[in-house]
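# Results of the structural survey
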Amino acid sequence: MKKILFVLLASMLAFSAFASTKIVIVGSTTVLPIAQQWAQSYMQLNPDVNVSVVGNGSGNGIKALLDGLADIADSSRWMSETEIKSAISKGFFPFPVVVAYDAIAPIVNSGNPVRNLSLDQLQEIYEGKITNWSQVGGPDMSIVVVTRDNSSGTFEVWAEKVMRGALVKPGALTVASNAEVIRSVSGNKRAIGYVGLGYLESSPNISEVAISGMKANIEAARSGTYPLARPLFMITNGVPSGTIAQFIDFGLSPSGQKIVSEVGFVPIYEVK
Amino acid sequence: MKNIIDRVISVSGWVSIAIIVAITFFLFYNWIPLFKTASPIEFFFGTLWYPTAIPPFYGILPLLDATIWISFLTILITFPSAFVLAIFITHVAPKRLRYFLKIFLEIFSSVPSVILGLIGLSIVAPYFQNVFNMDTGQNILNAAIMLSLITIPMPTSMMEDFISAFSPEQKEGAQALGANEFETLTKVVIPGLKGPFASIAMLSLGRIFGETMIVLMVAGNAAIFPSSIFQPARVLSSTIAAEMGETPVNTPHFYALFGIGAVLFAMTFLINLVGEVIRIRYERQMMKG
C-alpha cells in the first residue's frame, strides 16, 4: 500500500515538474468546446504546458480574470459597463481577441414553402403573437415553435438578437441540442426552429429561412451583416505575452481555426 | 467469519444511510440560497419558468403540474396492463409461453430508456402528427405511452408474485364451494390483492417520477399548464437534465435547479414511504389473519 502511494506521489511530483507552466481559462460555455479542443491540441504540441479549461458562463469568466484567478476569460459577449469600470479601478487592462464567430439560422421543414421572414416576424412567432403560417405567407396550418433550453449559448443569441427582451412563449417545444432541433423540425411540417450554422449542412428534410432576404453564410457572419451572428472573445489582462500569447496564436493559426469550424462555429478567416 | 460478515453488512447499511442523509443535505444546502432572489412562494406557486430571462422567473408550478399529469396518465395505462398481463401469465398462458413471457419482461425492463425515447421521437411522434393531425407528436400522451412501456415490467412481476403466492387453501376452499377457475379469480384472488396493489402502484409511481430521459426526449418540454394530453409539457426531472450542464455555478438558476431536485427527492421519498407503509400494514394483517 505504502509503495503504491509512494509511486503515485512521485509520479505526481514528476508530472507537475514536467508541466511547468499552467494556463487557466474560465468562462463562456459557448466558447468552451473551442477552448477545450484548442487546449487538447496545444498540450499535445507543448507537453510542458498545462491548460485547464472551465466553462461556467461569460460573466464568471470575466470575474475570474479580474480577480486574478484566470489567465484567459472566454466570453460570448462584450464586457459590460460595470465590468469595464471594475477592471479599470483594479488597474487591469482587458484585452479582447475575437477567436471565432457564432452564427445561427432559423429553419423550417422542407414541406413548408416559407423561406423568408423578417426579424420582427420571427420575434412575434416565438412570442406567440403569430400562430398560423398563413399570417406570414404560408399555408393555413398552426405554427409549432421549437426552441433551445434556456441556458444554451444558441438560445442566448436568439434571445438577444431575435427576442430582444420579449419572452419565448411558454408553449414552445424545448429541446436540449442542435441535433434535436433538427430532428423535431424535420419530423414536423408545422415546426420552426433555429440551429448553429455548422449544423445546417447535411441535414435532410429541413430548409433554411432567410432573414429579410439574407441567408446565413460564413462571409456575412464574419462581416457582421448577418443579423444572427456574434463574435466570441478570449479576454486577457493586458496584451498577452509568453505562453498565453503562444496559446492564443495557436488558436488563431490555420490549425486552430480548423478546430473552430470542426466544433460548429465560423472561423475568423477562410481555412481549407 | 460470521462476525466479519455481520460487521460488513452493518457497516454498508450505515454507510448507505449516511449517503442518503448527505444527498438530502446537499440538495437543500444548494437550494436555500435561492430564497435571497426568489421567495418560496414564487418558487412553488410561480407560473412562469424563465430562469435566464431579464428579469428571471423561477416558478415551478407548471413543471409540478406536468409531472403529476404525466405520472397519473402513465399509471392509468401501466396498471391495468400490468394486471391483465399478470393474470395472463399466472392463469391463462400455457406453461411454455409463461416462461418465455417472464424472461421477455425481465429483458424488457433493462432496455435503456434512451432507446424508448428515440422510438417515441422518431416513430410515435410523426405517427401522431400524420394520422391524428396533432400539432406536435411530442406531447403528454406520447411520453405516457413510452413511460408505460418501460414501467410495466416492474408492477407485472410484483403482481405476478403476489398472485402466485396466494394461499392455495383459500383457492381450494373456493373451488370446493363450487366456484370455477374464473370465479375463484374474481371473487377470491383479486379482492385479496387490494393491499399489495396499492403499494405496487406507489412504488411504480416512484419510478415514473424519476424517469428523465424518455420525458426529456418525447414530452416536448413546454413549461405550460397543459389542458389536454395532446399538448407538450415539461416535467421536473427533465428540466434539471436539460439545463444543469450549462448553468453557471452558484447563480440563482443553479440554486433553483437544486430546488427542483429537492422537491423531486421529497416527492419520491414520500411516495415510496407510503408504498412501504401500505405493504407493511398489509403483511401484518396477513399475519393476524
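Owing to the predicted nature of the structure, the values given are computational and were not obtained by experimental measurement.

A few words now on the overall build of chain A. Helices and strands together make up the secondary structure of chain A, namely ten helices and eleven strands. Projected onto its principal axes, the C-alpha positions of chain A cover 75 × 50 × 40 Å. Going through the 272 residues of chain A one by one, you find that 51% of them count as buried. Accessible surface, chain A as shown: approximately 12100 Å² in total, 58% of it carbon and sulfur. Side-chain charges of chain A comprise 21 positive and 21 negative groups, with the mean position of each set lying 5 Å from the other.

Within the largest apolar cluster, 48 residues are counted, with the highest numbers of intra-cluster contacts made by Phe 43, Trp 49, Ile 60, Ile 70, Leu 236, Ile 260 and Val 263 of chain B. Elements with a contribution of two residues or more to this core: α3 (61-92), α5 (113-132), α6 (140-151), α10 (194-210), α11 (213-218) and α13 (252-288) of chain B. No other element matches α13 of chain B, which puts eleven residues into this core. Grouped together as the second largest cluster of nonpolar side chains are 47 residues, Leu 122, Ile 143, Leu 197 and Ala 220 of chain A included.

This paragraph deals with the confidence of the model for chain A. Put simply, chain A has an average pLDDT of 87, and 92% of its residues get 70 or more. At the level of individual helices and strands, chain A shows its lowest average pLDDT in helix α1 (residues 2-18) of chain A, which scores 54, and its highest in helix α5 (residues 119-127) of chain A, which scores 96.

Our next topic: the interface of chain B and chain A. Opposite the 30 residues of chain B that make contact, chain A presents 29 residues. A combined buried area of about 2200 Å² lies between chain B and chain A, and 48% of that area is made up of carbon and sulfur atoms. On the chain B side of the interface with chain A, the three residues burying the most area are Tyr 50, Asp 135 and Glu 246 of chain B, jointly 28% of the side's total. Seen at the junction of chain B and chain A, the total is one salt bridge. The tally of links from chain B across to chain A stands at 14 residue pairs in polar contact (both at pLDDT 80 or more). Residue assignment for the side of chain B that touches chain A shows that the elements contributing at least two residues are β1 (49-50), α5 and α12 (236-243) of chain B. No other element matches α5 of chain B, which puts three residues into the side of chain B that touches chain A. Residues belonging to the side of chain B that touches chain A are distributed by class as follows: 17 nonpolar, nine polar and four charged.

Glancing now at unusual backbone geometry. Cis geometry marks the peptide bond from Ile 54 of chain B to Pro 55 of chain B, where omega comes out at -5°. On the secondary structure map, Pro 55 of chain B appears in the loop between β1 and β2 (57-58). Phi at Ser 212 of chain A is positive, roughly 45°, even though this residue is not glycine. By the secondary structure assignment, Ser 212 of chain A is in the loop between β10 (210-211) and α8 (218-223).

Moving on: the environment of Ser 122 of chain B. Residue and element names in this part refer to chain B. Mapped onto the elements of the fold, Ser 122 is located in helix α5. Looking at Ser 122, the relative accessible area reads 43%, which means it is partly exposed. Taking the C-alpha atoms as reference points, Ser 122 and Met 213, separated by 91 residues in sequence, lie 15 Å from one another. At a separation of 2.6 Å, a polar atom in the side chain of Ser 122 contacts the main-chain carbonyl oxygen of Leu 118.

Residues and elements named next belong to chain B. Following the criterion strictly, the structure yields 17 salt bridges over all chains and no others. Salt-bridge contacts for Glu 276 lead to Arg 279; the nearest nitrogen and oxygen are separated by 3.1 Å. Taken together, the residues Glu 276 and Arg 279, both in helix α13 and three residues apart, mark about one turn of the helix. Residue class for Glu 276 comes out partly exposed when judged on its relative accessible area of 30%.

Here we come to the side chain of Asp 102 of chain A. All names here are of chain A. On the secondary structure map, Asp 102 appears in strand β4 (residues 94-109). For Asp 102, a relative accessible area of 6% gives the class buried. Asp 102 has contacts with Thr 30, Val 157, Leu 228, Ala 229, Arg 230, Leu 232 and Phe 265, leaving out every residue within four places of it along the chain.

Once that is clear, we can look at the packing of α3 of chain B against α10 of chain B. The description of two packed helices rests on the angle between their axes and on the distance between the axes. Residues and elements named next belong to chain B. At a minimum axis separation of 10 Å, α3 and α10 run at an interaxial angle of 130°. In terms of axis orientation, α3 runs oblique to α10. In this structure, α3 crosses over α10, and the sense of that crossing is right-handed. Contacts from Thr 67, Ser 71, Thr 74, Ile 75, Phe 79 and Phe 83 of α3 reach α10 at Phe 197, Ile 200, Ala 201, Ser 204, Leu 205, Ile 208 and Phe 209. Broken down by class, the residue content of the contact of α3 with α10 amounts to nine nonpolar, four polar and no charged.

Here we take up the packing of aromatic side chains. Aromatic ring pairs: the centre-centre distance and the angle between the two ring planes describe each pair. Residue and element names in this part refer to chain B. Evaluation of the coordinates by the stated rule reveals 23 aromatic pairs over all chains. Here the aromatic rings of Tyr 127 and Phe 132 are separated by 6.1 Å at their centres, their planes lie at 80°, and the arrangement is edge-to-face. Connected via pairs of aromatic rings, a cluster forms that spans Phe 28, Trp 31, Phe 35, Phe 43 and Phe 44.

On to a nonpolar patch on the surface, then. A grouping of Met 1, Ile 4, Ile 5, Val 8 and Ile 9 of chain B is seen on the molecular surface, where their side chains present a nonpolar patch of about 540 Å² in accessible area. Assignment of secondary structure puts Met 1 of chain B in the segment before α1 (2-29).

Rules used in this analysis
The residue numbering used here restarts from 1 in each chain and proceeds along that chain's sequence as written. Each chain is given a letter, starting from A, and each ligand a number, starting from 1, according to the order in which they appear as written. Predicted model: local features are reported for residues with pLDDT of at least 70 only, side-chain atom pairs are reported and counted for 80 or more only, and whole-chain, interface and lining totals are derived from all residues. The basis for every side-chain value is the complete set of heavy atoms in the structure, and neither hydrogens nor water enter the calculation. Only DSSP runs of H or I with at least four residues qualify as helices, and only runs of E with at least two residues qualify as strands; both kinds are numbered from the N terminus onward. The rule is simple: take the accessible area with a 1.4 Å probe, protein chains only, and divide by the maximum for that residue type; under 20% is buried, over 50% is exposed, in between is partly exposed. Per-residue and other accessible areas follow the Shrake-Rupley method at a 1.4 Å probe size, with only the shown protein chains counted as cover for residues. Counting rule applied: Lys, Arg positive; Asp, Glu negative; His and chain ends not counted. For charged residues, the charge sits on one atom: NZ in Lys, CZ in Arg, CG in Asp, CD in Glu. Residues belong to a common nonpolar core when they are buried Ala, Val, Leu, Ile, Met, Phe, Trp, Tyr or Cys residues joined through side-chain atoms within 4.5 Å. One confidence number per residue, pLDDT, is output by the predictor and ranges from 0 to 100. Contact between two residues is taken to exist if any of their heavy atoms lie within 4.5 Å; hydrogens are not considered. Buried area adds together the accessible area that both of two parts lose upon being put together, with accessible area traced by a 1.4 Å probe. Within this document, salt bridges are pairs made up of a side-chain nitrogen of Lys or Arg and a carboxyl oxygen of Asp or Glu, the two lying within 4 Å of each other. Throughout this description, a polar contact denotes any pair of N or O atoms lying within 3.5 Å of each other; where both atoms belong to protein, one of them has to be capable of donating a hydrogen while the other can accept it, and for residues adjacent in sequence the pair is counted only when both atoms sit in side chains. Here the term charged refers only to Asp, Glu, Lys and Arg, the term nonpolar to Ala, Val, Leu, Ile, Met, Phe, Trp, Tyr, Cys and Pro, and the term polar to all other amino acids, Gly among them. A fitted line through C-alpha atoms serves as each axis, taken over the contacting stretch for helices, and the angle formed by two N-to-C directions is quoted from 0 to 180°. Small angles under 35 degrees read as roughly parallel and large ones over 145 as roughly antiparallel, with 65 to 115 read as roughly perpendicular and the rest as oblique. Here is the rule for handedness: rotate from the far helix to the near one, and if that takes an anticlockwise turn smaller than a right angle the crossing is left-handed, while a clockwise turn gives right-handed. The rule is short: rings of Phe, Tyr and Trp, with Trp giving its six-membered ring, pair when the centres are within 6.5 Å, and they are stacked under 30 degrees, edge-to-face over 60, tilted in between. Any residue with relative accessible area above 30% and no salt bridge may belong to a patch, with like charges joined within 9 Å and the nonpolar Val, Leu, Ile, Met, Phe, Trp and Tyr side chains within 5 Å.

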